[in-house]
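# Close look at the chain arrangement
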Amino acid sequence: MDAMTPAAQPTSARPAESRADAALGGKAATTLKEHIVEIISDSGEGAQRCGQSLGSIAARMGNGIWTTEIIPAEIRPPARSVAGASGNRIRIGAGPVTNGGDETDLVIAFNEQVLLGRVRGNQLKPGCTILLESMWRSSPDAKVAASYIDTHDRLVKAGYRVYEVPLEAECRRHVSDPRQGKNMFALGMLCSIYSLDLQVAREQVALTFGKKDRGVIEQNVRLLEEGFKWAEAGLDFKYRIPALRNTQPQIVVNGNTALALGALASGMEVCAMYPITPATSASHYLSDVFEKVGGVVHQAEDEIAACAFAIGASYAGKCTVTITSGPGYSLKQEAIGLAVMGEIPLVVVNVQRGGPSTGQPTKVEQGDLLTTLFGSHGDAPKVVMAPATIEDCFYSVITARKIAETFNMVVVILSDAGLATSQTPFPRPHFQESWLAPPIDQSEVPEGALPYAWNPSTGLARRFIPGQPGGMHTVTGLAHDSASHVAYDPEINEAGIRARSLKLAALQKTLRPPPLFGDAEGDLLIVGWGSTKGTIEEAVGALREEGHKVSSMHLQFLQPMPPGIKEAMQRFRKVMTVEGNWCDRPEDEIIDETNRRYSALAMLLRARYLIDVDCWSEVKGQPIKPSVVIRAIRARLQH
Amino acid sequence: MNMAATECLLQLYEERLQLEDYQSGVPRWCSGCGDNAILAAVQRLCRDEGLRPEQTVFVSGIGCSSRFPHYMKTYGFHGIHGRALPIAEGVKMARPDLTVFVNTGDGDCCSIGAAHWIHALRYNMNITLFLHDNQIYGLTKKQVSPTSPIGTRSNTTPRGAYLEALNPLTVTLGVQNVSFVAQAVDWIPELLYDIVKAAYHHKGLSFVRIVQRCPEWLPKLMDPWMHDPQKVQLVHHERALRISPAIAKVYKNHVEHDPLNMDRAREIASSTDVVPVGILYQNPCVPCYEDIRRSGGLRSADYVRRGLEGEFDKFTVWPEGAGEQQAA
């Protein structure tokens, strides 16, 4: 997949094994199918911006990209700290890229400490190329210099291909404060390394700094050009990743921005939220733009208030969204139950993070599926959707709003920290008026009509909205009859529960069977949900190329589950889910069939379809890597 | 549906709503419960103000008082414990055209919903709030509430409440952006009505604490104040509450108080020997959150489309060679 062509010796004595696609000598570019590159620094040094710009440039060139933010848990971690790595990781491919991929091939690091965090986290490929800021070697602080030299030597010894780069010294020749411009110098280097068009890069820099004055743009462009020149002359390798030319405009945003754009496009007017990582950036963006289309982002006093506020606004006729993450989602449970009981349309976005409790706020996990299906006390049926891609994040909000208002239900969108902080291009959507919420129905309610006149076969009823003459009634969280009168009659209670449950079945009748990736029969079917789709399909694709009879199926609707799942599973000898939530490991001494806890989706599939669905999971707080899934599937195929 | 504008006006003019038009069901409160008096005053207000039932929403939490919306023939929202205020705020934000009331009890507002109480004052949305304060948990059968006087014997404080009671008036008067604070008692219906009416007419969050008797759990609690008219202090002002001669004859303890005088309001609110009745604070100049936040523009599909396309433009990567002219 990758190749390295050292034309001259790096400071490391042992360049990695390489397979050259282009001729040696001079500086011919080695052609690669794909490469994973990271730019990491202390936070505030601009590595994020460098990485995002690189992604955009590659995308404009027609390459597939997947960028992932590398975020330290603290706002200002101490400089040069192992846990403080901040930056961006970009997987650049010749074709479309659907996930972050495996380990990193090339890193630019602004100091050796942030790099150590990545090394210890096993994020770098063996023999990975490291371009390391060399200013620390001559630091006046003897401790710093010693640490740098020690780390450098150990990296070289470990087989990494380390190039020391005088980033700061080079930048100082062109600007007075190199700390502000190093990232653009690095961007220039990367453009040279990956043979990206310098003119496209210049344009991207101008776009990135569009709001700033001309001088700032010019200075950054200059640094970009100097970085490019330096790498052309100073590095002994160069790559080229051929691009498939795009013919369609693409949108490049992360999952949270896509969610916010979806809220905009759905015609919703109010978003009520309370700050929580990793969901907040959706609200940040929405706060910036919602008012332009007459919307309001209300930052409530707490998560419960945010949900109650959203319910109030929805009840009054404007379907509303509340955006949160795990702990906030837990706090909202009672209010969600109220919306279920009152049959008030509501969209709840849960950008999942590691849990339980405060867990891992900035890390990815798929741990909230069961709490979403079964959360809130009593029987509280709600629709549960999980976007599988960044593009899905956008469209799922539009769909969720529609379902919420058609079925008078709560719709929960389960995104996660992985989607929230990753970017990959998707076709620019074509606006459709049908996306928008219709104007509030203020027509008169016919005499005798009841607010919960549940249709006996679908459970559906006309939605009564304040302002409708003749529709006056009191919504209540208490058990109620079809007139919304509080009722303790046993038959009435059951009638209400039945109607609210039937609505899920009614929705299920409108869903299509999930498509299969691969053949419709074989030895093993992998089932997944949410952000793992790209990874699973890449892994399954690779194994299919080797001749294995493995396919995959990805569920967008977790509740109700679409038809056709059982039939699809029955055509495979084995079925296994791949998930980002815990399942007990069968190899653990005291784990057996009688006590093993299955992953969430596996548990649901087993319960619903009576099929012996196995599961494999990983909860390391990192996006699951395709190679790891390949290994897991291979193991499953063998026994 | 096609009706000339003048016909429309004529119809409105001719439609006079009666008390029955606001009454729904038979209240299930105990006889002698102060909630009945509050209901009567509010229904009278609706009739006198000619509030359209379909344009009026009563939002409540959980507790005896929160059954209130069920007895109004308007739109109602009987929510969950403590959360009446944020629900009402959502209603008002989405629909500033609706008239919104909140009925909440001392447990609902001052205990489980205390955070929302503080912040609702700060938002100052145009909502009228009635705090039905009977100083005890009624529906769950006699537990101590934050406003129960120290020593109150309840099922959770069989040897008497341990803590000093929280004073909802002084707490409310301590919050930034507070714009209307009044106190009424259920046993003087005329003043209760006048205060409810003043609260309704105030633009902003009108906070009315209504001292309300609970004949079931604390039947004698208010006796000292009821039996001695001197212990009811009427707070009046020409720009606030005016007292009728009939009332003035019975209740002789009067104090004139300018409702813009916050320091004096806090002083009056702090009295323990007398129960002040009247408007303690009113500032019509505090802006309402919904007015600050809402643009009021017409949200047509085209308006949303233009906004959205503008955002898409920011994030669009045009195919190489398509050129910048496309982006512009």
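## As for helix H17 (residues 533–545) of chain A
All names here are of chain A. For H17, spanning 13 residues, the distance from its first C-alpha to its last is 18 Å, which sits close to the expected 18 Å at 1.5 Å a residue. Taken together, the buried positions of H17 are Gly534, Thr535, Ile536, Ala539, Val540 and Leu543. On the buried face of H17, the contacting elements are strand E18 (516–517), strand E19 (522–529), strand E20 (550–555), strand E22 (572–579) and helix H20 (626–638). Trailing H17 by a residue or two, Gly547 shows a phi angle of about 100 degrees, which is positive.

## Observations regarding the pairing of strand E9 (residues 250–254) of chain A
Residue and element names in this part refer to chain A. Extensive coverage of E9 is indicated by the burial of five of its five residues. The two faces of E9 match: Gln250, Val252 and Asn254 on one face and Ile251 and Val253 on the other face are all buried. As paired strands, E9 and strand E16 (residues 422–427) are joined by five bridges and run antiparallel to one another. Paired with Gln250 across the two strands is Pro427, which belongs to E16.

## Here we look at empty space enclosed by the protein
All names here are of chain A. A complete count under the given rule lists five cavities of 30 Å³ or more for this structure. In this structure, the largest cavity encloses a volume near 230 Å³. As for the largest cavity, its lining consists of 23 residues, of which Val364, Ser531, Thr532, Pro623 and Ile624 are closest to the centre. Counting only elements with at least two residues in the lining of the largest cavity, the list comes to strand E3 (64–70) and helix H15 (417–420). Here the lining of the largest cavity is built from residues that sort into six nonpolar, 13 polar and four charged. In this model, the second largest cavity occupies a volume close to 140 Å³. If you trace the second largest cavity, you find 15 residues lining it, with Gly342, Glu343, Tyr452, Arg463 and Phe464 closest to the centre. Per-class residue counts for the lining of the second largest cavity are eight nonpolar, four polar and three charged.

## Some remarks on the packing of aromatic side chains
All chains considered together, the criterion is met by 19 aromatic pairs over all chains. Aromatic pair Tyr452(A) and Trp454(A): ring centres 5.9 Å apart, planes at 35 degrees, arrangement tilted. Given the relative accessible area of 16%, Trp454(A) is considered buried. Through pairs of rings, three or more aromatic residues link up here, namely Trp29(B), Phe58(B), Phe68(B), Tyr71(B), Phe101(B), Phe130(B) and Tyr200(B). Between Arg596(A) and the ring centre of Tyr598(A), over which it is positioned, the NZ or CZ distance is 4.7 Å. Here the guanidinium or amino end of Lys231(B) rests over the ring plane of Trp225(B), the centre of that ring lying 5.1 Å away.

## Some words on the sheet that holds strand E4 (residues 86–93) of chain A
On the basis of which strands lie adjacent, the open sheet formed by nine strands has the order E7(A)-E6(A)-E5(A)-E2(A)-E4(A)-E3(A)-E16(A)-E9(A)-E10(B) and mixed pairing. Pairing within the sheet leaves two strands with one partner each, and these edge strands are strand E7 (161–165) of chain A together with strand E10 (316–317) of chain B. The sheet contact formed by strand E6 (residues 124–133) of chain A and E7(A) spans five bridges and is parallel. Within the sheet, the bridge partner assigned to Leu131(A) lies in E7(A) and is Tyr163(A). In the packing of helix H3 (residues 142–157) of chain A onto the sheet, the strands contacted are E6 and E7 of chain A, and the crossing angle to E7(A) comes to about 145 degrees.

## Some thoughts on the environment of Val211(B)
Residue and element names in this part refer to chain B. Along the polypeptide, Val211 turns up in strand E6 (residues 206–211). Between the C-alpha atoms of Val211 and Pro276, which are 65 residues apart in sequence, the distance is 10 Å. Not counting chain neighbours up to four residues away, the residues in contact with Val211 comprise Asp133, Gln135, Gln183, Ala184, Val185, Asp186, Trp187, Met222 and Val275.

## Details of the confidence of the model for chain A
All names here are of chain A. Taken over all residues, the pLDDT of chain A has a mean of 93, while the share at 70 or more is 96%. Low pLDDT (under 50) marks residues 1–9, which in the prediction has 38 contacts with non-local residues, meaning those over four places away or in another chain. Considering only residues more than four positions removed or in separate chains, one finds that residues 12–25, a stretch of pLDDT under 50, has 30 contacts.

## Some points on the nonpolar core
One finds Leu369(A), Leu558(A), Met569(A), Leu601(A), Leu605(A), Val59(B) and Phe77(B) to be the most contacted residues of the largest nonpolar core, which totals 99 residues. Among the elements that line this core, the one with the most residues is helix H10 (residues 303–315) of chain A, at nine residues. Not counting residues within four places of it along the chain, the set of residues in contact with Leu369(A) comprises Gln352(A), Val384(A), Leu414(A), Trp529(A), Leu558(A), Ala600(A), Leu601(A) and Leu604(A). In terms of nonpolar packing, the next biggest core, distinct from the first, is built from 58 residues, Trp66(A), Val97(A), Cys319(A) and Val321(A) among them.

## Section: the sheet that holds strand E7 (residues 232–236) of chain B
Reading across the sheet, the 10 strands line up as E17(A)-E2(B)-E1(B)-E3(B)-E4(B)-E6(B)-E5(B)-E9(B)-E7(B)-E8(B) and stay open at both edges, with mixed pairing between neighbours. In the strand order of this sheet, the two ends are held by strand E17 (474–476) of chain A together with strand E8 (254–256) of chain B, each with one partner. If you compare each strand with its neighbour and ignore which way they point, the axes differ by 20 degrees on average. Summarising the sheet, E7(B) and E8(B) pair through three bridges and their orientation is parallel. Residue Val235(B) lies in a different strand from E8(B), and its bridge partner there is Val255(B). Lying over the sheet, helix H10 (residues 262–269) of chain B contacts E7, E8 and strand E9 (275–282) of chain B, oriented at roughly 160 degrees with respect to E9(B).

## Some points on helix H5 (residues 114–123) of chain B
Side chains of residues three or four places apart in an α-helix project in the same direction, reflecting 3.6 residues per turn. Residues and elements named next belong to chain B. Buried within H5 we find His116, Trp117, Ala120, Leu121 and Tyr123. Down the axis of H5, the buried side of the element spans an arc of 160 degrees, and every buried residue falls inside it. Two residues or fewer past H5, Asn124 is found with a positive phi of approximately 50 degrees.

## A few points about the packing of H10(A) against helix H3 (residues 84–94) of chain B
Two elements in contact, H10(A) and H3(B), have axes separated by 6 Å at closest approach and are oriented at 45 degrees. Relative to H3(B), the element H10(A) is oriented oblique. Handedness of the H10(A)/H3(B) crossing: right-handed. Contacts between H10(A) and H3(B) pair Ala305(A), Ala308(A), Phe309(A), Gly312(A), Ala313(A) and Tyr315(A) from the former with Pro86(B), Ile87(B), Glu89(B), Gly90(B), Val91(B), Met93(B) and Ala94(B) from the latter. Residues that form the contact of H10(A) with H3(B) fall into these classes: 10 nonpolar, two polar and one charged.

## Let's talk about the packing of helix H8 (residues 255–265) of chain A against helix H12 (residues 301–315) of chain B
Direction vectors running N to C along H8(A) and H12(B) enclose 160 degrees, while the axes themselves pass 10 Å from each other. One element, H8(A), and the other, H12(B), form an angle in the roughly antiparallel class. The two elements H8(A) and H12(B) meet at a crossing, and its hand is left-handed. Contact residues: H8(A) offers Thr257(A), Leu261(A), Leu264(A) and Ala265(A), while H12(B) offers Val304(B), Leu308(B), Glu311(B), Phe312(B) and Phe315(B). Residue composition of the contact of H8(A) with H12(B), grouped by class: seven nonpolar, one polar and one charged.

What counts and what doesn't
Residues numbered from 1 in each chain as written. Chains lettered and ligands numbered in written order. Predicted model: local features only at pLDDT ≥ 70, side-chain atom pairs only at ≥ 80, totals over all residues. Heavy atoms only, no water. Helix = DSSP H or I, 4+ residues; strand = E, 2+ residues; numbered from the N terminus. Expected span 1.5 Å × (residues − 1). Buried < 20%, exposed > 50% of the residue type's maximum accessible area, 1.4 Å probe, protein only. Contact = heavy atoms within 4.5 Å. Pairing = 2+ DSSP bridges. 1 Å grid on protein atoms, 1.4 Å probe; cavity = no way out; pocket = protein on both sides within 12 Å on 5 of 7 lines; lining within 4 Å. Points joined across faces, edges and corners; volume = space filled by probe spheres on them. Nonpolar A, V, L, I, M, F, W, Y, C, P; charged D, E, K, R; others polar. Phe/Tyr/Trp six-rings, centres within 6.5 Å; stacked < 30°, edge-to-face > 60°. Lys NZ or Arg CZ within 6 Å of the ring centre and 35° of its normal. Axes fitted to C-alpha atoms, helices over the stretch in contact; angles between N-to-C directions. pLDDT = per-residue confidence, 0-100. Core = buried A, V, L, I, M, F, W, Y, C linked by side-chain atoms within 4.5 Å. Arc of directions from axis to C-beta. Parallel < 35°, antiparallel > 145°, perpendicular 65-115°, else oblique. Left-handed = near helix turned anticlockwise from the far one by under 90°.

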